[in-house]
Amino acid sequence: MQRYFPRAVLLAASLLSCSILHAAAPAERDRVVDEVLARIKDEYVHPDRYPAIEANVRRHQRQGAYTAAPADEEFARLLTGHLQEITHDKHMSIRYQPNVRALRPTANASTAAKREQERRENYGLRKVEILPGNVGYLEIHHFHDDADLVEASYAAAMAFLAHTDALIIDLRANRGGGEAMLLLASYFFDRERALMELRYRGRPPMQASTRATVAGPRYLGKPVYVLTSNRTFSAGEAFSYSMRSLKRATLVGATTRGGGNPVTLQPLRDNYLLSVPIGESVSPVDGGGWEGKGVTPDLEVEDGRTLEVAHRQALERLRETARDEGQRASLAGQIEALGKS
C-alpha cells in the first residue's frame, strides 16, 4: 500500500550511520548523480521542473562541487541542497547510508531492529495527561506508518482522555509519519471524513480519509487545540491543516515547516537512500495545501509559551460555556493560578 506522508525525516534519523567518513571515487559519485536525476525525471510529481533541476545539478557537477566533497555524507548533503534550490521541496533528498540494500531490501521494508526501536519509542506517542481544569494533553512526536499496529495505544490514550472537557494535542516536535495520522483524526469526527486528496503523477487521485470506526471512545463536541512549531513536518502538518480546515481544532504556535508532498523512498546504488516526492496533497475543503509555505496557526505564539497560551484559551472557553457557577469560579481560579506559574 502506498504510504501516506512517509516520514523521510524519521527514517533518516533511524538509519545506521558510519563512524568513519567515507569518500567514493569521483566516477561513483557521477553515477549517483546520473541515477538521482533519472529517478527524478521519471517520478517527480512536477515533471515540468525537471529541466531546471538537471541544469542546476549539472552546473555544480561541472564545477567539481561533488568530487571535491571530502566525504560521501557531505556529497549527499550538497546534492540535496542543489535539488532543493530549485524544487524548494523539503521531502526531496539523497542521504548516505552504507549497505542500504542489505539494511533496507525495499524502501519501505521494516527490520526487526527498527521495529524494536519504534516499540521503545511507543510509536511516537510520548505523553498523555490531564492538566488543571480537566484539560487533556496528548503529545505525539511522529505518526507511525502502520495504523493497525498503534491502534491499541491510541485507543488507550483516548480512553484516558475521554472525560476531559477540552484537549490539547502537542505536535510541536512532530516530524511526520504515516497512516496513524488518519487514525488519530478519526477520533474527532462522528463519521468518515476526507482529509486530503492525494494527486499522484500519472495516477487517479486518492482520498485520504478518517476511519468509519475506531477502537476507543470518540472525542466529539469538545474544544480541541493543536500546538505547532517550525519543526512540525509532513503528517504533523497534514493533521493540523485538516483539523483547522474542517473547523475541528484551533491551531496555536508557529507556522510549520512546509512539507506536503507524499514521497517514495528508494535505495540507490549501494550506499544511498533517495526520497522523491511523487504526489501533491490538496484539501477537499478549501483546495489548498501547505507545501513550501507551512500551516499558519490561528493564534501565533512564541514556542516557550505555546502550551501555556493554549491551556489558558481552553480554560477561558470552558469558563464561558460553564452552566454551573461553582464550575465557573473553579475555572477562574485555575486561570489565575496559570498566570502565576
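Draft legend 1. Quick peek at the sheet that holds strand S5 (residues 194-200). Strand order in this open sheet of three strands is S6-S5-S11, and the pairing throughout is antiparallel. The outermost strands of the open sheet, each flanked by one partner alone, are strand S6 (206-209) and strand S11 (279-282). Mean inter-strand twist for the sheet, computed between neighbouring axes without regard to direction, equals 30°. For S5 and S6, the ladder comprises four bridges, and the chain directions are antiparallel. Following the sheet pairing, Ala 194 is matched in S6 by Ser 209.

Draft legend 2. Fine view of the confidence of the model for the protein chain. Residue-level pLDDT values for the protein chain average 89, and 90% of them are 70 or greater. Every residue in residues 1-20 is under pLDDT 50, and counting partners more than four places away or in other chains gives 66 contacts. Note on residues 105-109: pLDDT under 50 across the span, and six contacts to partners over four residues away in sequence or across chains.

Draft legend 3. Structural detail: the packing of helix H2 (residues 26-43) against helix H3 (residues 50-62). Two elements in contact, H2 and H3, have axes separated by 10 Å at closest approach and are oriented at 175°. Classified by the interaxial angle, the pair formed by H2 and H3 is roughly antiparallel. For the pair H2 and H3, the contacting residues are Asp 30, Val 33, Asp 34, Leu 37, Ile 40 and Lys 41 in the first and Tyr 50, Ile 53, Glu 54, Val 57, Arg 58 and Gln 61 in the second.

Draft legend 4. Representation of the environment of Leu 78 within the structure. Within the secondary structure, Leu 78 sits in helix H5 (residues 72-87). Between the C-alpha atoms of Leu 78 and Ala 68, which are 10 residues apart in sequence, the distance is 11 Å. If sequence neighbours within four positions are ignored, Leu 78 has contacts with Ala 65, Tyr 66 and Ala 69.

Thresholds applied
- Residues numbered from 1 in each chain as written.
- Predicted model: local features only at pLDDT ≥ 70, side-chain atom pairs only at ≥ 80, totals over all residues.
- Heavy atoms only, no water.
- Pairing = 2+ DSSP bridges.
- Helix = DSSP H or I, 4+ residues; strand = E, 2+ residues; numbered from the N terminus.
- Axes fitted to C-alpha atoms, helices over the stretch in contact; angles between N-to-C directions.
- pLDDT = per-residue confidence, 0-100.
- Contact = heavy atoms within 4.5 Å.
- Parallel < 35°, antiparallel > 145°, perpendicular 65-115°, else oblique.

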